[in-house]
Amino acid sequence: MSDIHALSGAYAVDALDDLERASFERHLAGCATCRSEVDGLRETSSLLGGACSTTAPDGLRERVLAEIALSRPLPPPGGVTTLQRRDRHRRGPRRAVAALAAAAAAVIAIGGGTVLVTQLGDDPVRTVQLSATDRVLQAPDAEEFTTPTRDGLGTVTVVRSSSLNQAVLITKGLAEAPAGKTRELWLKHDNTYIPAGFLGGGTDHTMLLDGDPGSAQGFGLTIEPASGSTQPSDQLVALLNFTSA
Amino acid sequence: MNDPHPVAGASSRRGEASGALDLAELLRRSGRGDREAFAVLYDAVSARVLGLAVRVVRDPAQAEEVAQEAFMEIWKTSARFDADRGSPLGWMLTIAHRKSVDRVRSAEASTRRDGSYHQQNQPVAHDSTAEAAHASLEAHRVRTALKSLTSIQREALELAYFGGYTHTEVASMLDLPVGTAKTRIRDGLIRLRDMMGVGS
């Protein structure tokens, strides 16, 4: 069993960090065994949750019913019915359909931030609610590049989707910029570094990069004067080459 | 769950065999925009959804917000519930759990920025599952099944599911070698699944 399969349990109880979850969901899309296992483990974990019970106050009921009156439910994933019909005569078709739906539904629960309805590729089953960053992390062609920072204290990861021409930067444990300085992001195009945004304060970030990540050959993170620079300084925090895995 | 609400009113199609609500049917009707069906669904599961949110989030006011978010998502995605993949209640609790975990993690991230992370985080989620479990048959079965897990499997599973910790955090909390908590969680869940007779 490869390592990624072993994440099924942690995934079923929401015990993966954002990056692992995105990787695992990409894996789920192509692994029927894991999809089936995740379904069973989720059902099991919900039994733990089902043992907790708290009488809800009337106010909550009123708020919920008032809120749902303001929006309509999303349509069902369009492709599923057709697939069910077409596959019915095959062996184990329900599972295959369930699996496809699993891949779609797995990402539905990703909430927070901007919610948009996205059509990914031609697959109607994958019409799901995703935030802009989740959209990149979920993209079928997402590539992941990661490196420790130069000081060895943090990590910098870029997940890029060429088809979306977008990339998400994920930092962990990144050192703050010195006083009067800022941390600037760069995308490398033909050996030139083009500004791709700035990092605010804090050690952990998940954000979209500006520019054209789809065609970029690399990513850089440098310390610059607070006003920013048009060319990177030599104060390098991290450097990544987008070489295909 | 066996809330005595009948599926009543003009929108009712057919009675339930056992008097128990057909949650799948209520979800299906909700998915077509039937707010009455959703209200019945809410009454049937709100205690479970809020109970789970309170268990994970702890702060009652925040738990209510999380439950509200969860119900909103259940409404929005009700047409996407797939009975081939699991039970209606399981599906709804999965949504509620994910919302709860998102909330504790984001609250924790902001607390950590305030520098008071460690104080806030001291009473680690070691309260046992049994404590919150009700005297219902199902809760009893869950408790019994949990007893069949090794203590590491049980602790890892509880920290992850009720504490909202990542498997990496669970590993360091339980002094497990890096990368083994996920295996304990998975093994524990598989054991529970088999004990509880959950089909997949």
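Sequence positions are assigned chain by chain, starting from 1 and proceeding in written order. Each chain is given a letter, starting from A, and each ligand a number, starting from 1, according to the order in which they appear as written. Local features in this predicted model are restricted to residues of pLDDT 70 or higher, and side-chain atom pairs are both shown and tallied only at a pLDDT of 80 or more, whereas totals for entire chains, interfaces and linings draw on every residue.

A. Structural detail: the overall build of chain A. Helical segments are the DSSP runs of H or I of at least four residues, strand segments are the runs of E of at least two, and each set is numbered from the N terminus. Regarding its fold elements, chain A presents seven helices and 10 strands. Residue burial is a threshold on neighbouring C-beta atoms within 10 Å of the residue's own C-beta, all placed from the backbone, with 20 or more meaning buried, 12 or fewer meaning exposed, and counts in between meaning partly exposed. Counting over 245 residues, chain A shows a buried share of 42%. Here the contact rule is simple: place C-beta atoms from the backbone, and any two residues whose C-beta atoms are within 7 Å are in contact. Partitioning the intrachain contacts of chain A with sequence separation of at least 6 by distance along the chain shows that 54% fall at a separation of at least 24.

B. Looking closely at the nonpolar core. To define a nonpolar core, we join buried Ala, Val, Leu, Ile, Met, Phe, Trp, Tyr and Cys residues through C-beta atoms within 7 Å and take the resulting set. Counting 71 residues, the largest nonpolar core has Leu41(B), Val49(B), Ala53(B), Ala67(B) and Ala160(B) as its most contacted members. Ranked by residues supplied to this core, first place goes to helix H2 (residues 35-57) of chain B with 14 residues. Setting aside chain neighbours within four positions, we find Ala67(B) in contact with Ala56(A), Leu60(A), Val49(B), Leu50(B), Ala53(B) and Ala96(B). Counting 25 residues, the second-largest nonpolar core is a separate cluster that includes Ala142(A), Val168(A), Ala196(A) and Phe242(A).

C. Inspection of the interface of chain B and chain A at higher detail. On the chain A side, the residues contacting the 68 residues of chain B number 57 residues. When residues of the side of chain B that touches chain A are assigned to their parent elements, the largest contribution, 12 residues, is made by H2(B). Only Asp, Glu, Lys and Arg are considered charged, only Ala, Val, Leu, Ile, Met, Phe, Trp, Tyr, Cys and Pro nonpolar, and every remaining residue, Gly among them, polar. Partitioning the side of chain B that touches chain A into residue classes produces 30 nonpolar, 19 polar and 19 charged.

D. Spotlight on the sheet that holds strand S8 (residues 205-208) of chain A. Residues and elements named next belong to chain A. Strands sit in the order S3-S4-S5-S8 across an open sheet of four strands; the sheet is antiparallel. Whereas interior strands pair on both sides, the edge strands pair on one side only; in this sheet they are strand S3 (143-148) and S8. Each strand axis lies, on average, 15° off the axis of its neighbour in the sheet, ignoring direction. Criterion used throughout: strands pair if DSSP finds at least two bridges between them. Pairing of strand S5 (residues 166-172) with S8 involves four bridges; the strand directions are antiparallel. Paired with Leu 169 across the bridge in S8 is Met 207. Helix axes use the C-alpha atoms of the stretch in contact, all axes being lines fitted to C-alpha atoms, and the angles between their N-to-C directions lie in the range 0 to 180 degrees.

E. Here's a closer look at the confidence of the model for chain B. Residues and elements named next belong to chain B. Each residue carries a pLDDT score, the predictor's own confidence in it, on a scale running from 0 to 100. Averaged over all residues, the pLDDT of chain B is 81; the fraction at 70 or higher stands at 75%. Segment residues 1-19 is flagged for pLDDT under 50; beyond a separation of four residues in sequence, or across chains, it makes 21 contacts in the model. In this model, residues 115-135 is a region of pLDDT below 50 whose contacts with residues beyond four sequence positions or in other chains number 26 contacts.

F. Highlighting helix H7 (residues 137-147) of chain B. All names here are of chain B. All of the buried residues along H7 are Ala 139, Val 142 and Leu 146. End-on view of H7: buried residues confined to an arc of 60°, all on one side of the axis. Looking at H7, the residues exposed on the side facing more than 90 degrees away from the buried face are Leu 137, Thr 144 and Lys 147. It is the directions from the helix axis to the C-beta atoms whose arc is reported.

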